[in-house]
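# Structural characterization, general
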Amino acid sequence: MEVLSLLDNLKLNEAGHLQIGGVDSLQLAHEYQTPLIAYDVSYIKKEIASFKDAFVKAGVKYRIVYASKAFSAKAIYRLLQQEGVGCDVVSGGELYAAIKSGVDPEMIEFHGNNKTPAELEYAIKENIGCIVVDNFYEIELIEKICVSKNKIAHVVLRVAPGIEAETHKYISTGQSNSKFGFDLDSGQAQEALVQMLRSPWFEIRGVHCHIGSQIFSVAGFKMAAVKMVRLLWDWKEKYDFKAQILNLGGGFGIKYSENDHPIEPVEFVRAIIQTVQAEIKKYELTLPEIWVEPGRSLIGEAATTLYTTGSMKKVPDLCNFIAVDGGMGDNIRPALYGAKYAAFLATDPYAPTTQVATVVGKYCESGDVLVSDQELPEVKPGDILAMPATGAYGYSMASNYNRNGRPAVVFCEDGHAKLVLKRETYADMMNLEVD
Ligand SMILES: Cc1ncc(COP(=O)(O)O)c(C=O)c1O
Ligand SMILES: N[C@@H](CCCC[NH3+])C(=O)O
């Protein structure tokens, strides 16, 4: 069936049911209820291994830094820590969660275009690996904190390299008018470097850029690598600045539906390594550590969301809705970016299709659509629908809109399932109320 060609990590068991990490999806739905986000842990490990392999084969020093905004939970922080992967946080909340989950502070980098004074103070107190400095206001803030604490900040300078990535405009970040980073072309990045070099409170470990997210072509990454290495040469010539780290960000695109035709994520890593190596050689520079910051590509295709179907609405020749027990509260991406997903019957993914239907959620919004106009078999209330590739930016952008609780999350591996995030209850949602 077409939908199944989507993801090669999806497997069926003897009963013909979808299984996730060796666990029957029906059993998962029964035991943990729905909506349920189920991760196949071996998928995440396999992706990490392929990235590592690319660096090791190229013989370069490297760090893989997981962008934890894609899915921030104790279970994933612990897994990545075990796998030797670093961690990118973008708020005090993510920093707190990473530290409480046992991530080595040296493995943490802190991003953000408007880190608050309290967040920066926290990061400096915890001696994290680096703060990715984003703007002039932040330089001032960091300096003040360092003076008051008598501590030196380890930083990386974020550059907006002036590259337009081909992706949705909400998730394009490398262009000159991006809200993130110091613009390269207008000289602001250089001005930032000069300011920090003049100050005794900064140890500048390297430079960073991130051109955007859900990108399918290596071209933008190669261009970014060329520009960034040229920048390193320029700064070495002018200021004798020697970067230990060259971080080229994340953004490697994945397959959500038949509309997407991504290359293997590791191909981005290979293209980055090769371009950096070639450019470094050209300018006769010392090769810095190459860092990449994948979020989506490490975990996106690892998870499948299971929903239970409920009401159906057919208006002849007009519309055919199948409603499920979740929706925009557990996956805002279709509503926010027009993202396309697919769905199929978990009990019988190969069932012959008999209708074109739109899978909608239970939220009070007409835009609460999960999958538009997809061929599906007959579906009855109480069936389990599986929606693949929901591991990134689903739970992390989830809300309890309409006071629907956030879904539960399980990690599945070798035939065993482990609950890693409990379903949010009505009572949980009342916890912040003050009488
Ligand atoms: C600075 C930075 N690094 C890494 C990422 C991770 O991107 P992705 O999840 O697309 O790999 C993002 C998100 O776009 C980001 O803003
Ligand atoms: N939330 C976005 C990606 C965020 C990019 C963060 N810089 C998505 O779901 O695609």
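Along each chain, numbering runs from 1 in the same order as the chain's sequence is written. The lettering of chains begins at A and the numbering of ligands begins at 1, in the order of writing. A pLDDT threshold of at least 70 governs which residues receive local features in this predicted model, and a stricter bar of 80 or more applies before side-chain atom pairs are shown or counted, although totals over entire chains, interfaces and linings include all residues. As a rule here, side-chain values come from all non-hydrogen atoms in the structure, and water together with hydrogens is ignored.

As recorded in an unreviewed UniProt entry, the chain goes by Diaminopimelate decarboxylase and comes from Ligilactobacillus pobuzihii. Within the UniProt record for the chain, the comment given under Pathway (unreviewed entry) is "Amino-acid biosynthesis; L-lysine biosynthesis via DAP pathway; L-lysine from DL-2,6-diaminopimelate: step 1/1." UniProt positions are given in the numbering used here, feature names are shortened, and annotations may be inferred rather than shown by experiment.

The next subject is the overall build of the chain. For the purposes of this entry, the term helix denotes a DSSP run of H or I that reaches at least four residues, the term strand denotes a run of E that reaches at least two, and both are numbered from the N terminus. Across its full length, the chain holds 12 helices and 21 strands. Each radius of gyration is computed over the set of C-alpha atoms, and the globule rule expresses the reference value as 2.2 Å times the number of residues to the power 0.38. Expected size for 435 residues packed as a compact globule is a radius of gyration near 22 Å; at 23 Å, the chain falls within 12% of this value. Projected onto its principal axes, the C-alpha positions of the chain cover 70 × 55 × 40 Å. In this description, contact between two residues means that some pair of their heavy atoms is separated by no more than 4.5 Å. Within the chain, counting contacts between residues at least 6 apart in sequence, those at least 24 apart form 69% of the total. For the chain, the exposed surface amounts to about 18800 Å²; the carbon and sulfur share of it is 51%. Distance from the positive charge centre (43 side chains) to the negative charge centre (55 side chains) of the chain: 5 Å. For accessible areas, the Shrake-Rupley method is used with a probe of radius 1.4 Å. Any residue's cover is judged against the shown protein chains and nothing else. The charge count includes Lys and Arg as positive and Asp and Glu as negative, but it does not include His or the ends of the chains. Every charge is mapped to an atom, namely NZ of Lys, CZ of Arg, CG of Asp or CD of Glu.

When DSSP finds at least two bridges between two strands, those strands are taken to pair. Taken in spatial order, the three strands line up as β1-β2-β3 in an open sheet, and their pairing is antiparallel. Edge positions in the sheet fall to β1 (11–12) and β3 (23–24), since each of these pairs with one other strand and no more. Note that strand β2 (residues 18–20) and β3 share two bridges and pair antiparallel. Each residue of the ladder has a partner; that of Gln19, found in β3, is Asp24.

So, on to the side chain of Ser178. By the element assignment, Ser178 lies in the loop between β9 (153–160) and β10 (182–183). Of the residues examined, Ser178 reaches a relative accessible area of 12% and is grouped as buried. Identification of polar contacts relies on pairs of N or O atoms within 3.5 Å, with a donor-acceptor requirement for protein atoms, meaning one able to donate a hydrogen and the other able to accept it, and with residues adjacent in sequence counted only if both atoms are side-chain atoms. Only 2.9 Å separates the side chain of Ser178 from the backbone nitrogen of Phe180, close enough to count as a polar contact. Think of it in three bands: residues with accessible area under 20% of the maximum for their type are buried, residues over 50% are exposed, and the middle band is partly exposed, with areas taken using a 1.4 Å probe on protein chains only.

A few words on the UniProt feature "modified residue: N6-(pyridoxal phosphate)lysine" (unreviewed entry) in the chain. Residues annotated by UniProt as "modified residue: N6-(pyridoxal phosphate)lysine" (unreviewed entry) correspond here to Lys69. When residues no more than four places from it in sequence are discounted, the contact partners of Lys69 are Asp88, Val90, Glu94, Tyr393 and Ser396.

In terms of nonpolar packing, the biggest core is built from 94 residues, with Tyr39, Phe71, Ile76, Ile142 and Ile299 touching the most fellow members. When residues in this core are grouped by element, the largest group, eight residues, is from helix α8 (residues 219–239). Here Ile299 is in contact with Tyr39, Ile44, Tyr66, Ala70, Phe71, Ile76, Gly391 and Ala392, once residues within four sequence places are set aside. Throughout, nonpolar core names a set of buried Ala, Val, Leu, Ile, Met, Phe, Trp, Tyr and Cys residues whose side chains join them through atoms within 4.5 Å.

What follows covers the site of ligand 1. Lining the immediate surroundings of ligand 1 are 15 residues, of which His210, Ser213, Glu293, Arg296 and Tyr393 lie closest. The contact in question runs from an oxygen atom of ligand 1 to an N or O atom on the backbone of Gly251, over 2.8 Å. When the free accessible area of ligand 1 is taken as 390 Å², the share hidden by the protein chains comes to 93%. Taken together, the residues that form the shell around ligand 1 break down as three nonpolar, seven polar and five charged. For this description, a residue counts as near a given molecule or strand if any of its non-hydrogen atoms is within 4 Å of it. Polarity classes work like this: nonpolar for Ala, Val, Leu, Ile, Met, Phe, Trp, Tyr, Cys and Pro, charged for Asp, Glu, Lys and Arg, and polar for all others, with Gly in that last group.

This part covers the packing of aromatic side chains. Aromatic ring pairs are described here by two measures, namely the spacing of the ring centres and the angle between the planes. Aromatic contacts are taken between Phe, Tyr and Trp rings whose centres are within 6.5 Å, Trp giving its six-membered ring; a plane angle under 30 degrees counts as stacked, one over 60 as edge-to-face, and the others as tilted. As enumerated under the stated definition, the model contains 13 aromatic pairs in all. On the numbers, 4.5 Å between centres and 5° between planes, the contact of Phe55 with Tyr62 is stacked. Given the relative accessible area of 0%, Phe55 is considered buried. Residues Phe136 and Phe182 carry aromatic rings whose centres are separated by 4.9 Å and whose planes lie at 70° to one another, so their mutual orientation is edge-to-face. With Phe136 in helix α6 (residues 136–149) and Phe182 in strand β10, this residue pair connects regions lying 46 residues apart in the sequence. For Phe182, a relative accessible area of 2% gives the class buried. Chaining the aromatic ring pairs together yields one cluster made of Tyr39, Phe71, Tyr395 and Phe411. The criterion is that NZ of a Lys, or CZ of an Arg, lies within 6 Å of the ring centre and within 35 degrees of the ring normal, and then a charge sits over that ring. The cationic tip of Lys115 hangs over the ring face of Phe110; the distance from NZ or CZ to the ring centre is 5.8 Å.

Take the site of ligand 2 next. In the vicinity of ligand 2, eight residues are found, and the nearest of them are Arg296, Arg333, Tyr337, Tyr393 and Met397. Take Arg333: an N or O atom from its side chain is 2.6 Å from an oxygen atom of ligand 2. The side chain of Tyr337 places a nitrogen or oxygen atom 2.8 Å from a nitrogen atom of ligand 2. Here ligand 2 has 310 Å² of accessible area as a free molecule, and 86% of this is covered by the chains. When its residues are assigned to classes, the shell around ligand 2 shows four nonpolar, one polar and three charged.

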